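A structural walkthrough
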Amino acid sequence: VRTWPFNPIVQSVAVIIKTDGRPLNTRIELLMGPNNSKQVVEVYTEDGIDRPFFAIIETPEATGCVIRIKNTAPLEFPVYASVAPYTVDDYDFVSDSYNFNQLPML
C-alpha cells in the first residue's frame, strides 16, 4: 500500500502502474477527506510490462485529497506505481514571492 497526498491546487493526477511481466492486480482509491466516501478502481491485466495501466484522474478541489494504490496480488507479484500532478490550477506565484515558506507544495 502506498499513498500520495496532493495540494488542493492540483486538478488532476497521472497514474501509471506496471509490473516486470507478471500479472497486474491493483486497487486504486481516491480519498477525499476523512469522512467522505472513496472512489475505487480495480485493475487487472495479464502482463504488466506489455500492457501497463495508465490513467488521468481528476482530483476535486478539496483539502486532503489522497491517491492510494494497493497491490491485491500475492507478494510474489510486485507492482511499480508512479503518481504525479498532471494539471495544476493557476496560482499567482508573483504575489507570494516575498514569502517562500507559504508556497503550495505539490
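Residues numbered from 1 in each chain as written. Predicted model: local features only at pLDDT ≥ 70, side-chain atom pairs only at ≥ 80, totals over all residues. Heavy atoms only, no water.

1. Considering the overall build of the chain
Regarding its fold elements, the chain presents zero helices and seven strands. For the chain, the sequential pattern of α-helices and β-strands runs β-β-β-β-β-β-β. By sequence separation, contacts in the chain at least 24 residues apart represent 76% of the contacts at least 6 residues apart. Accessible surface, the chain as shown: approximately 7000 Å² in total, 52% of it carbon and sulfur. (Helix = DSSP H or I, 4+ residues; strand = E, 2+ residues; numbered from the N terminus. Contact = heavy atoms within 4.5 Å. Areas by Shrake-Rupley, 256 points an atom, 1.4 Å probe, with all protein chains shown as cover.)

2. Considerations on the nonpolar core
Counting residues in hydrophobic clusters, the biggest one holds 17 residues, and the most contacted among them are Val-13, Val-15, Ile-28, Ile-57, Ile-67, Ile-69 and Val-83. Broken down by secondary-structure element, the contributors of at least two residues to this core are strand 1 (2-6), strand 2 (10-18), strand 3 (24-32), strand 5 (53-58) and strand 6 (65-71). Those residues within four positions of Val-83 in sequence are excluded, and the remaining contacts are Trp-4, Phe-6, Val-13, Ala-14, Val-15, Ile-67 and Ile-69. (Core = buried A, V, L, I, M, F, W, Y, C linked by side-chain atoms within 4.5 Å. Buried < 20%, exposed > 50% of the residue type's maximum accessible area, 1.4 Å probe, protein only.)

3. So, the confidence of the model for the chain
Of all residues in the chain, 81% have pLDDT values of 70 or greater, and the mean over the chain is 82. When mean pLDDT is taken per element in the chain, strand 4 (residues 39-45) scores highest with 94 and strand 1 scores lowest with 90. Segment residues 96-106: pLDDT under 50, and 13 contacts once partners within four positions in sequence are set aside and those in other chains are kept. (pLDDT = per-residue confidence, 0-100.)

4. A closer look at the sheet that holds strand 7 (residues 80-88)
The strand order 5-2-7 describes an open sheet built from three strands, whose pairing is antiparallel. Of all strands in the sheet, those with a lone pairing partner are strand 5 and strand 7, marking the two edges. Put simply, the sheet's adjacent strands are angled 20 degrees from each other on average, direction ignored. In terms of strand pairing, strand 2 meets strand 7 through eight bridges, oriented antiparallel. Note on strand 7: the bridge partner recorded for Ala-14 is Ala-84. (Pairing = 2+ DSSP bridges. Axes fitted to C-alpha atoms, helices over the stretch in contact; angles between N-to-C directions.)

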